Amino acid sequence: MNIYLPIAEMSVNVAVFLGMGCAVGFLSGMFGVGGGFLLTPLLIFMGVPSAVAVGTGSMQILASSVAGGIAQYRRKNVDIKMGLVLVGGGVVGAVIGVALVRILRQIGQFDLFVSLSYVLFLGAVGGLMLIESIGTIRRARPGQPLPARKTGQHSWVHGLPFKMRFNRSKLYISAVPAALIGAFVGFMAALMGVGGGFVMVPAMIYLLRVPTSIVIGTSLFQIVFVMAATTLLQAMQNKTVDVVLALLLIVGGVVGAQLGVIAGARLKGEQLRFLLAALVLLVCLRIGWELIARPEEIYSIGPLLGVS
Amino acid sequence: MAGNRTRMIGVRFAAASCAALMLAQSALAQGLQKAPAGAPLQRNLPPVLMGPRQPPAPTLAEPRPPPVEKVEADVSTRSVEVTTGFTGHEILVFGAIDHSQQPDDATDNYYDVVVVVEGTPYPVVVRRKSDVAGVWINTSSVLFASVPSFYAIASTRPIDQIAGPGVLEVNSIGFAHIKMTPSPGIRWKLSEYELAGFKAAVIRLKQKEHLYIVESKDGVTFTGRSLFRSTISLPGNVPVGPLVARTYLFRNGEVLSAHIARVKLERKGIERVLHDFAFRDPFAYGVIAVMLAVIAGLAGSMMFRRETA
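Residues numbered from 1 in each chain as written. Chains lettered and ligands numbered in written order. Predicted model: local features only at pLDDT ≥ 70, side-chain atom pairs only at ≥ 80, totals over all residues.

Novice: Which parts of the structure should I look at to understand the overall build of chain A?
Specialist: For chain A, the count of helices and strands is 10 helices and five strands. When burial is assessed residue by residue, chain A has 51% of its 308 residues classed as buried. At a minimum sequence separation of 6, the contacts of chain A that also span at least 24 residues come to 80%. (Helix = DSSP H or I, 4+ residues; strand = E, 2+ residues; numbered from the N terminus. Buried ≥ 20, exposed ≤ 12 C-beta atoms within 10 Å, placed from the backbone. Contact = placed C-beta atoms within 7 Å.)

Novice: Help me out: how do you make sense of the overall build of chain B in this one?
Specialist: Secondary structure summary: chain B contains seven helices and 13 strands in total. The contacts in chain B between residues at least 6 apart in sequence include a share of 73% that link residues at least 24 apart.

Novice: In this structure, what is going on with helix α3 (residues 50–74) of chain A? I would like to understand it.
Specialist: Since the α-helix turns once every 3.6 residues, residues separated by three or four places project in the same direction. All names here are of chain A. Over its 25 residues, α3 runs 36 Å from end to end, which matches the ideal 36 Å to within 8%, given 1.5 Å per residue. Counting buried residues in α3 gives 22 out of 25 residues, a clear majority hidden from the surface. Backbone geometry just downstream of α3 places K76 in the positive-phi region, at approximately 60 degrees. (Expected span 1.5 Å × (residues − 1).)

Novice: Even after reading the chapter, I still don't get the packing of helix α1 (residues 14–31) of chain A against helix α9 (residues 243–265) of chain A, so can you show me in this structure?
Specialist: Packed helices, taken two at a time, are described by their axes: the angle between them and the distance between them. Two numbers describe how α1 of chain A lies on α9 of chain A: the axes approach to 5 Å, and their chain directions differ by 35 degrees. The element α1 of chain A and its partner α9 of chain A pack so that their crossing is right-handed. (Axes fitted to C-alpha atoms, helices over the stretch in contact; angles between N-to-C directions. Left-handed = near helix turned anticlockwise from the far one by under 90°.)

Novice: Would you mind going over the nonpolar core with me for this structure?
Specialist: Generally speaking, soluble globular proteins have nonpolar side chains that are buried together. Membership of the largest hydrophobic core comes to 153 residues, with the highest contact counts inside it found for L62 and A246 of chain A together with V114, V115 and A293 of chain B. Here this core takes 14 residues from helix α8 (residues 212–238) of chain A, the largest share from any one element. Both of domain 1 (2–266) and domain 2 (269–309) of chain B provide at least three residues apiece to this core. Other than its neighbours up to four places away in sequence, V114 of chain B contacts I153, S155, I159, I162, I173, Y248 and F250 of chain B. Membership of the second largest hydrophobic core comes to eight residues, among which are Y299 of chain A together with V126, F144 and V147 of chain B. (Core = buried A, V, L, I, M, F, W, Y, C linked by C-beta atoms within 7 Å. Domains from an automatic or database assignment.)

Novice: Would you mind showing me how to read the sheet that holds strand β7 (residues 151–155) of chain B here?
Specialist: Two modes of strand pairing occur in sheets, parallel and antiparallel, and in both the strands are linked by backbone hydrogen bonds. Residues and elements named next belong to chain B. Ordered by their spatial adjacency, six strands build an open sheet running β2-β13-β12-β4-β7-β9, and the pairing between neighbours is mixed. Because the sheet does not close on itself, it has two edges, and the strands there are β2 (79–82) and β9 (212–214). Along the sheet, successive strands turn relative to each other by an average axial angle of 15 degrees, direction set aside. Judged from the five bridges that link them, strand β4 (residues 112–118) and β7 form a sheet pairing that is antiparallel. (Pairing = 2+ DSSP bridges.)

Novice: Which parts of the structure should I look at to understand the pairing of strand β3 (residues 88–98) of chain B?
Specialist: The side chains of a regular strand alternate between both faces of the sheet. All names here are of chain B. Direction of pairing for strand β1 (residues 70–75) relative to β3: antiparallel, over a ladder of six bridges. For D74, the partnering residue across the bridge sits in β3 and is F94. As judged from the nine bridges shared by β3 and strand β11 (residues 227–235), these two strands associate in the antiparallel manner. Note on β11: the bridge partner recorded for H89 is L234.

Novice: Please clarify how α8 of chain A should be interpreted in this entry.
Specialist: Compared with the 39 Å implied by 1.5 Å per residue over 27 residues, the 37 Å span of α8 of chain A between its first and last C-alpha is a close match. Taken from the residues just after α8 of chain A, K239 of chain A is the one with a positive phi, measuring 55 degrees.

Novice: Looking at this structure, how should I read the interface of chain A and chain B?
Specialist: Accessible area lost upon the coming together of the parts serves often as the stated size of an interface. Of the residues lining the interface, 46 residues belong to chain A; the matching set on chain B comes to 50 residues. Secondary structure elements with two or more residues in the side of chain A that touches chain B: β1 (2–5), β2 (10–13), α3, α8, α9, α10 (269–292) and β5 (299–303) of chain A. Looking at the side of chain A that touches chain B residue by residue, the class counts come to 35 nonpolar, nine polar and two charged. Looking at chain direction, β5 of chain A and strand β5 (residues 121–132) of chain B are connected through five bridges and run antiparallel. Within the sheet, the bridge partner assigned to G302 of chain A lies in β5 of chain B and is V125 of chain B. (Nonpolar A, V, L, I, M, F, W, Y, C, P; charged D, E, K, R; others polar.)

Novice: For this particular structure, what's the right way to read the pairing of strand β4 (residues 171–174) of chain A?
Specialist: With four bridges joining them, strand β3 (residues 163–166) of chain A and β4 of chain A adopt antiparallel strand pairing. Within β4 of chain A, the position partnered with R165 of chain A by the bridge is Y172 of chain A.

Novice: What is the right way to look at the sheet that holds strand β6 (residues 135–148) of chain B in this model?
Specialist: With antiparallel pairing, four strands are arranged side by side in an open sheet as β5(A)-β5(B)-β6(B)-β8(B). Every interior strand has two partners, whereas the edge strands, β5 of chain A together with β8 (181–182) of chain B, have only one. Direction of pairing for β5 of chain B relative to β6 of chain B: antiparallel, over a ladder of 11 bridges. In the strand pairing of β6 of chain B, V125 of chain B is matched with L143 of chain B.

Novice: Please explain the environment of H275 of chain B as it appears in this structure.
Specialist: Along the chain, H275 of chain B turns up in helix α6 (residues 270–280). When the C-alpha positions of H275 of chain B and T231 of chain B are compared, they lie 29 Å apart, and in sequence the two are 44 residues distant.

Written as C-alpha cells, this is what we have:
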C-alpha cells in the first residue's frame, strides 16, 4: 500500500516506512539514543529530499524519545535535575549551531562538514566505547563480581565550581561539565540533524560517572526538549517537517521503542555499550567510505534553497 | 542556429505555422526552399526520407495548392489530482492531423509526431566534487536559473531520425535541447566544455529520478490516416505544478504545425489541506507537529504499559 507525502511530495510504501520506524525505535529504546544518526541517512537513501529527512527526523526522534523516556521514567531512571542542566546547555548550543549552519550553507560545504562531523564523532565515540566495553566484558567473564564504583575517586571534573547534588545519579559534582555536554549536544543536534544521544551517553558515563542505567533515561529527557524546539524551528524556517511521513515513522517507532526498552533491560550495561559501539562504528565507516571512495557520480543537483 | 536558441516558445510556434502557410502559398516548393528561420539544412535530411517524398512530386506542376496540414491535439485529463493515494498518473495525449495527405496504408513515417510534456521550470544548483587530498569535496557549482522540473517525450520514431539538431534545438525537443540557462552570476568562469558537463549531469540525475523520461520506441502511434495517440506516464514523484503538453507535426524534418495543451497537476483533499497549512501558518503547523509527536509517544507508552505491567 502506498501513501503520498504532502511535504516530501512523493509516494512511499507504508509497510517499508513503518518497518524503518520500528527498527530505529527499537535501537532508541534499547540504547537511549534518539536514532537520528541512523534515521536521517536511511530516509535520504529512500529518496526523501535531505532537508525533509532532517526536518521530519526531528519530529520522529521527539516522539520516540517521549515514549522511551516515559518507559525509563517509570523505572526511575531519569535524573530530572541533571536533565534540566543538560536542557539549559542544549538550548544555548542549538542557537549557536543554527548560526553555523547558515554560514556553511552560504559557502556550499554544509554536506561535507556534516559528513566529517559524523565520521569524527561516531568514530571517536564508537572506538572508545568498543575498547572500554570489551575490556569490561573480559574482566567480568571469569565470574568475579565487578569492582564496585569507588566513591572517593576524584578527577579534574570535581575541581570545578557550582557543585550540585544529583540525588538520582548519586553524584555531588559541578554543574559546569553537564551544562557543557548539553550545549555541545544541542549544537550537534542543530548541525547534524540528530538527537545527540550517541555523544551524550558516553560523555555522561565517562566524564560525569553517571550510572549507565540513569544515563539512558536522562539523555532521553534532554533529547525530548531539544527535539521539540528543533521540530518547531524546522517547521517555521524551512517548512521541511512532513507530518504524514513522521506519523508513519512514529507508529513504527513507538512499538519498536517499547520492545527496545524490554530487550535493553535484559542486557548488561557493558553488553549494551558494546552493541551500540559496533553500530556507531558501522555507520561511521559507511559515511567515511563515501568521503574517500571515488564517487560513481561526481555531480549532484539541488534546489536553490540554502545556497545564497 | 545559435541565434535561434534565445527565441521564446510562443514565437517559435508562430514562426513554424507562418512558415507552413507561406509554404502552401508558394505552391509546394517544399523539399528545397523550405528553410524558414534558416534553421534546418537540407543536408540534415536523411536520404531515406526522399523515398516517400516521391508521391507529391507530380502535383508540383498543378496550380491549386493542397490544404495545409494542421495538428490538433488534446489530453485525456485536463486536471490530475494529487491525493493521498497518488502513485503517478498516465495521461493520454491524442490528436488528429487536418488535411492529412498520409496514404491509407501509411506506416513508413509519412508524418512524424512528437509529444513533449514539460513541468514548471525552477532554479537548480549543480555541484561537482573533486578529489582534494583524498576526500571528495564539492569544488565547483553552477546555478541554472531555469530547468524544467519534469520532461517526458514521446515520438513516432527516435527524434534524431525525425529532424536535424537545429530544428530540435529551436523547439526544445529532446534532452540535449532542453533549455538550461546558467545564471549570469557564476563566480568561476567555466569553459563551454565544462558547462556541457554540468548540463549533462542535470539530465542524467533527472533521468535517474525518473523525472526526465523517453516513452518507449512507439511512444506515438497512428490510427488510420490522421488520428494519433500517445501515453505519457507521470511518476509518483512528479513535482506538483502545471504541465504543458506540446505536440509537433513533422514532415521531412520540418515542423508543419504545433499545438499546446495544458494539464493541471494539483493537490486535492487532505494533501492540499496539509501542504497549505504547512506553508501558510508554519508556526501553528510546527506546534501541532510537536504536539502530535508527544501525544503519539505518550499513547504508545501507555498502550504498552497495560500489556507489559
